[in-house]
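Survey of secondary and tertiary structure
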Amino acid sequence: MTSPAAAGLGAENPRVLWIRKRRAAVLIIGGDFRRALPEFDALAAAYARTAGSSSTDALECRRQAAYCRAEIGQSTAALKQFQAVLDQVRQADGDASPEALDLRRNIGMLLLAENRVPEALEVLQPLHEDLNLVYGPNHEETREIAEILARIRFAEG
């Protein structure tokens, strides 16, 4: 599908990369994480070469690759990749940017899914505090994390 465009415009032409990114997103929507993963990895590398490793597109593709890794059971690699992206987002936009908050949520939930409860709490508790500050206590995301924290505390007795 992208081969004719890549042949005519070049494999790293912005329009070709945009088409490839859309195609990879469709794979995720369809639940085909195994096929989306190498495409997002390749796109992240291409965007890093053409726009810089901390460009929005490169970070988004790395984030999507981490999501794919989590979905196919590569939790350790997914956590490392989410954390690496979060580190770059924090440097550029701070700890309470929408992207950072979402990445912190992803990391906390993945730790929780891996039954790494103490580590999950280390991520989710400060996330909850920041969500309270940024969005307020009645915001959907703030309430969701509050409920998760309450369930963890209840389970721990």
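I will try to describe carefully the structure that is included in this document. (Residues numbered from 1 in each chain as written. Predicted model: local features only at pLDDT ≥ 70, side-chain atom pairs only at ≥ 80, totals over all residues. Heavy atoms only, no water.)

As for the packing of aromatic side chains
To keep it simple, the criterion reads: The aromatic pairing rule takes the rings of Phe, Tyr and Trp, using the six-membered ring of Trp, and pairs them if the centres are within 6.5 Å, calling planes under 30 degrees apart stacked, those over 60 edge-to-face and the rest tilted. Here a helix means four or more residues in a row that DSSP labels H or I, a strand means two or more in a row labelled E, and each is numbered from the N terminus. Only protein chains enter the accessibility calculation, which uses a 1.4 Å probe; a residue is then buried when its area is under 20% of its type maximum, exposed when over 50%, and partly exposed in between.
Evaluated as defined, the whole model comprises 1 aromatic pair. Ring plane angle 75 degrees and centroid distance 5.7 Å describe the contact between Phe33 and Tyr67, whose orientation is recorded as edge-to-face. With a gap of 34 residues between them, Phe33 in helix H3 (residues 33-51) and Tyr67 in helix H4 (residues 56-71) connect regions that are remote in the sequence. Judged by relative accessible area, Phe33 falls into the buried class, the value being 15%.

Looking at the environment of Ala66
Going by this rule: By definition in these notes, contact holds between two residues if any of their heavy atoms fall within 4.5 Å.
With respect to the secondary-structure elements, Ala66 resides in helix H4. The sequence separation of Ala66 and Gln81 amounts to 15 residues, and the corresponding C-alpha distance is 5.6 Å. Beyond its immediate sequence surroundings of up to four residues, Ala66 is in contact with Ala78, Gln81 and Phe82.

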